[in-house]
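As a plain string of letters, each chain reads:
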Amino acid sequence: MFRIDLSESDIAEAGVLVAALAERYRTVEDPAFVREATIIAHELPRALRAGLLEFRLTEPHPLCVIGGYPIDDDRIGLTPGHWKDCGGEGRPTLAEDLFFYLCASLLGDPIAWSTQQDGRLLHDVFPIKEHQFEQLGSGSEELLTWHIEDAFHPMRTDYVGLMCLRNPDGVNTTYGSLEGIDLPADVVEVLRQERFPIRPDRSHLAANRQNDGDEQLRRLRDRSYEWISGLDANPEPIAVLFGPQENPYLRLDPYFMEVPASDPEAAAALDTIVKAIDANIAGYALKPGEVLFLDNYRGTHGREPFTARFDGTDRWLTRLNVARDLRKSRAHRRSADDRTIY
Ligand SMILES: NC(=[NH2+])NCCC[C@H](N)C(=O)O
Ligand SMILES: O=C(O)CCC(=O)C(=O)O
Ligand SMILES: [Fe+2]
């Protein structure tokens, strides 16, 4: 993977910046912070900015890990039990959230899904008891099968960021890609065609809906949920590969894909790529303070199963979805600078 390790002076510099910001902003969801973040991010240490620029421009690897940011395990408090209880103001992780958001702002602009975690920009990823056996980031006992994040969605983002707040059991995030894999040309050709129906993953379904806020928001969300449940009933066929001829980009979440029996050629092609990626899956256990950016065009990711305790000591990550071009989703956002995709 591509690594950026912060030096002692980088860590000190970032610490001073984040401490000052924590006096000005109470949450990364604050629209004033969201607006300014891109400028403020240029006050991060130069080596960090240079590293993220290289990752963004040269696509050296599907994963970029930033190491060295210190976390005081006592100060961040217990791992919450549900994301509905811990978003917005008053998070003990404000400093970590700010640092993470600034790093993300060097790759692009974070967006929020109206249908995920109450439309927040910053998601929490920790085990939730009721989700223990689900194919959700908040599951635990089941292997979270590898996927391109939000693969079903035409406005899925270029990057997924994960910041590790704690990972006491060393649970692996898994990752895979087409690096070093030579798929037969006829398979590639089929995979480039829109022959692969995909359903929305369950994190976007109304079953996981919580608070709506005001009436206008509720109506907009109703529309998003209608669109998603329509897709669930009637999955849209997508192309699995796109972009460059040599190193094509990926779009798949096999758990939620089923090729109709009427198209055995497409079914065989999907099977071939899934097996090829499966054969080269690797794992990485994030350490507290590490930030991982996944290139969501180049690499798939998932998570190994683990047994959660639900006593405040479980693994806890935060997540950001980062778009390189906000305009791609402009028709689905209320204003040019609004970040929520409806
Ligand atoms: N193959 C899968 N399990 N896909 C769904 C991934 C989990 C989803 N992104 C979530 O936020 O929970
Ligand atoms: O927990 C992890 O390491 C990955 C989680 C994930 O893939 C997700 O939340 O979509
Ligand atoms: Fe994911």
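Given the structure is predicted, the values throughout are model-derived calculations rather than measurements.

**Let's talk about the site of ligand 2**
Part 1: The environment of ligand 2 is made up of 13 residues, and the closest members are E149, T173, H301, R315 and R319.
Part 2: Here an oxygen atom of ligand 2 and a side-chain polar atom of R315 are 2.8 Å apart.
Part 3: In isolation ligand 2 offers 300 Å² of accessible surface; the protein chains occlude 97% of this area.
Part 4: Breaking the shell around ligand 2 down by element, the ones donating at least two residues are β5 (144-147), β14 (299-303) and β15 (316-323).

**Remarks on unusual backbone geometry**
Part 1: In the Ramachandran plot, E59 falls in the positive-phi region, its phi being about 45° despite a non-glycine side chain.
Part 2: Positionally, E59 belongs in the loop between α3 (46-58) and β2 (63-67).
Part 3: Positive phi, normally seen in glycine, also occurs at D118, with a value near 55°.
Part 4: Inspection of the secondary structure assignment puts D118 in the loop between β3 (109-113) and β4 (123-125).

**Observations regarding the UniProt feature "binding site: Fe cation" (unreviewed entry) in the protein**
Part 1: Mapped onto the present numbering, the UniProt feature "binding site: Fe cation" (unreviewed entry) falls at H147 and E149.
Part 2: Here H147 shows up in strand β5.
Part 3: Residue H147 is classed as buried on the basis of its relative accessible area of 10%.
Part 4: With near-sequence residues (within four places) excluded, H147 lies in contact with L252, D253, T300, H301 and G302.

Quick notes on the rules
Residues numbered from 1 in each chain as written. Chains lettered and ligands numbered in written order. Predicted model: local features only at pLDDT ≥ 70, side-chain atom pairs only at ≥ 80, totals over all residues. Heavy atoms only, no water. Near = heavy atom within 4 Å. Polar contact = N/O pair within 3.5 Å; in protein donor to acceptor, adjacent residues only side chain to side chain. Areas by Shrake-Rupley, 256 points an atom, 1.4 Å probe, with all protein chains shown as cover. Helix = DSSP H or I, 4+ residues; strand = E, 2+ residues; numbered from the N terminus. UniProt positions renumbered as here; feature names shortened; annotations may be inferred. Buried < 20%, exposed > 50% of the residue type's maximum accessible area, 1.4 Å probe, protein only. Contact = heavy atoms within 4.5 Å.

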